[in-house]
Amino acid sequence: MIVPRYLVPIDYKSIAHYFTDVLILGSGLAGVRAALAVDESLSVTIVTKGAELEICSSTRAQGGIASVLDPLDNFEDHIADTLTAGAGLCDERVVRFVIEHGPDRIHELIDWGTHFDLDENFHLDLTREGGHGFNRVAHALGDSTGKEIMRALFIQIKNRPNIKICTNTFAIDLITADNVCYGAILYSPQTGMKIVWAKQVILATGGSGQLYRETTNPEVTTADGMAMAYRAGARLRGLEFVQFHPTVLYLAGGARSLISEAVRGEGAHLIDKNGYRFMPDYDSRAELAPRDIVSRSIVAQMAKTNSSCVYLTLKHLDTAFVHRRFPGIESICHQFDLDLAKDNIPIRPGAHYMMGGIEVDLDAKTNIEGLRAVGEVTSTGLHGANRLASNSLLEAVVFGKIAGEGASIDAKRAPKDYVVFSLEGQCEPTSGMPLDTDDIRNTLKSVMQRCVGVMRDKAGLQEANDTFMSWQKFINDYQFKFPRGWELQNMLTICRLIAHCALIREETRGGHSRSDFPEQSDNWKKYTVVERVASGDENDITEPLEN
Ligand code: FAD
Ligand code: SIN
């Protein structure tokens, strides 16, 4: 079989076993918010693969969190902007639910100690980003919103005696039997393999930016959660919808740092190498069009001018204001001898956010009993084909609360004793030539960048799909004993599924642009859905289903 059920063989009699009421995989905003919603009478274990809790996309969030926080704004307009950005694939029920719960969740963050930036009248200083028709993005520390929110929530978590945190702990696979989830197989370098049995499991492992060579995402975003859920039989949908952030710093040898959309929200322009402001040629909303449009326009202008980047310019804005408003971004630019306020800043699009993911309902439930999922790892229906800026932190807090509360109720209803059993469908131990995981990882990221990037076509997608299929034959049943190897297997599984779904969707919509099918098609107003079939034959994915 191309994708095995479990990545490692487990002899359950010779391994350490632990027990918890609620197991949460991932310590980003979604996982932490879920943990805070679990009843304090229940034990919670948060597992995270980084050496520190802080290593996640959430702490990197710059622009802010979107919500209706100004008396002159209203829910209907935020809903309409979200639906427009989502290009016909949002679930309006979910959009309404998330947006209407936004203000309460943000005031709760404030009550828990988050200091959002205030204006001179001590009201929230709200800004605008692409696709928003109103200033409704709350931010903190200027351009380090995620860092401030997570600082406050980590203090809350550490003050809860019922919550245990395991850093440096890699989740390899979910344990299931008869479509019920009972826990997970974990690994840490200090203690080796172990099983944590749980009454309820919440998957909050974040996104998949590391599948691409150029990304704003941290090292941990290797699509592990999506891949382990897929192996366990969860339904994944909309995987072809990858959001490329338009403005990622492009300097040879430099980190691909994000330059927040809020920079354009405050008035920055995009110019090409000739100094020409090109966005008004592509869209009447110019620099504040939704991200998919801005990214496509940048790629088109780069091709037109035969250059490898375009530039952000803020020269027409007040220098002191720019430095005060964006201290984090200014300090990154400064490291490369650039002044955000005075220099042209070289940028180009980079992989930023995964709209597709594990299908969940309004209770954050997956199709596997006992398994909820929350945050970027999911497809809730909020983002459709393209996420509206600053809506993902919002989704994480709204669905995080739902997931934690729901898991509490179900864990309390569960039988007192845990179910412990030996695992079925385990892989056979294999031996083979040692694999150079870093070499494969880098090549995989390059193939994704070249063939499954901002602009796609049949030839490129077919090449990517065929390449990943052939690699799967010798990589997926290889028996790795360390996280880099399991990450590679997860990355390969999800890369292949993305290429597969992108090949099938013969149209251009949101975060999926086909140069050979440049129009949006009414035949494609539906999600692609993939689900692992444990049939043992070569083709382990179902045909896309209509939603
Ligand atoms: P994360 O915060 O990524 O957390 C995932 C966690 O899972 C991590 O702790 C990771 O270590 C852990 N994990 C992963 N795999 C495993 C495994 N196998 N075993 C154990 N643990 C594992 N959104 C906005 O709304 N506003 C913004 O301003 C904004 N700015 C952004 C800026 C940047 C640079 C980036 C990268 C993203 C930004 N986003 C923004 C998107 C947003 O930050 C993310 O979508 C959101 O934070 C995801 O939260 P999460 O909890 O789902 O995942
Ligand atoms: C940004 O600050 O541009 C990122 C905002 C987001 O991804 O929502």
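Thresholds, definitions, all that
- Residues numbered from 1 in each chain as written.
- Chains lettered and ligands numbered in written order.
- Predicted model: local features only at pLDDT ≥ 70, side-chain atom pairs only at ≥ 80, totals over all residues.
- Heavy atoms only, no water.
- Near = heavy atom within 4 Å.
- Polar contact = N/O pair within 3.5 Å; in protein donor to acceptor, adjacent residues only side chain to side chain.
- Areas by Shrake-Rupley, 256 points an atom, 1.4 Å probe, with all protein chains shown as cover.
- Nonpolar A, V, L, I, M, F, W, Y, C, P; charged D, E, K, R; others polar.
- Buried < 20%, exposed > 50% of the residue type's maximum accessible area, 1.4 Å probe, protein only.
- Helix = DSSP H or I, 4+ residues; strand = E, 2+ residues; numbered from the N terminus.
- Pairing = 2+ DSSP bridges.
- Core = buried A, V, L, I, M, F, W, Y, C linked by side-chain atoms within 4.5 Å.
- Contact = heavy atoms within 4.5 Å.
- Salt bridge = Lys/Arg side-chain N within 4 Å of Asp/Glu carboxyl O.

**Regarding the site of ligand 2**
The full set of residues close to ligand 2 is Q62, G63, E129, H245, L258, S260, E261, R291, H352, R387, A389 and S390. Note that an oxygen atom of ligand 2 is positioned 2.6 Å from one of the side-chain N or O atoms of S260. Considered on its own, ligand 2 offers 260 Å² of accessible surface; in the complex 93% of this is hidden by protein. A breakdown of the residues in the shell around ligand 2 according to their chemical character gives two nonpolar, six polar and four charged.

**Regarding unusual backbone geometry**
The phi dihedral of N179 falls on the positive side, at around 60°, and the residue is not glycine. Using a relative accessible area of 40% as the deciding quantity, one classes N179 as partly exposed. The phi dihedral of A223 falls on the positive side, at around 65°, and the residue is not glycine. Along the chain, A223 falls in the loop between strand 9 (192-203) and helix 5 (224-232). In this structure A223 comes out as buried when scored by relative accessible area, which is 2%.

**Structural notes on the site of ligand 1**
Lining the immediate environment of ligand 1, one finds 37 residues, of which S58, G64, D224, E376 and S392 sit closest. G63 places a polar main-chain atom, nitrogen or oxygen, 2.9 Å from an oxygen atom of ligand 1. The side chain of E376 places a nitrogen or oxygen atom 2.7 Å from an oxygen atom of ligand 1. Expressed as a share of its isolated accessible area of 1,000 Å², the protein-covered part of ligand 1 is 98%. Elements with a contribution of two residues or more to the shell around ligand 1: helix 1 (29-37), strand 7 (170-177), strand 14 (345-354) and helix 11 (391-413). For the shell around ligand 1, the leading source of residues is helix 11, giving three residues.

**Remarks on the sheet that holds strand 20 (residues 529-530)**
Spatial strand order, 17-15-10-20: four strands in an open sheet with mixed pairing. Of all the strands in the sheet, the pair left with one neighbour each is strand 17 (378-379) and strand 20. In this structure, strand 10 (residues 236-237) lies alongside strand 15 (residues 357-359), joined through two bridges in antiparallel fashion. By the bridge assignment, L236 is partnered in strand 15 with I358.

**Quick word on the nonpolar core**
Within the largest apolar cluster, 78 residues are counted, with the highest numbers of intra-cluster contacts made by L25 and F468. Top element by residues in this core is helix 14 (residues 483-504). It accounts for twelve residues. With residues near it in sequence (within four places) discarded, L25 still touches V47, A171, L174, A184, L186, V201, I202, L203, A204, T205 and M228. With 49 residues, the next largest nonpolar core counts A35, I99, A204 and F399 among its residues.

**Comments concerning the pattern of salt bridges**
For the structure shown, the criterion picks out 38 salt bridges. Of the charged contacts, one joins D91 and R93 as a salt bridge, the two residues approaching to 3.6 Å between their closest N and O atoms.

**Observations regarding the environment of L186**
Within the secondary structure, L186 sits in strand 8 (residues 180-188). Spatially, the C-alpha atoms of L186 and V47 are 8.7 Å apart, while their sequence positions differ by 139 residues. Beyond its immediate chain neighbours, meaning those up to four positions away, L186 contacts L25, V47, T169, F170, A171, I172, G192, M193, K194 and V196.

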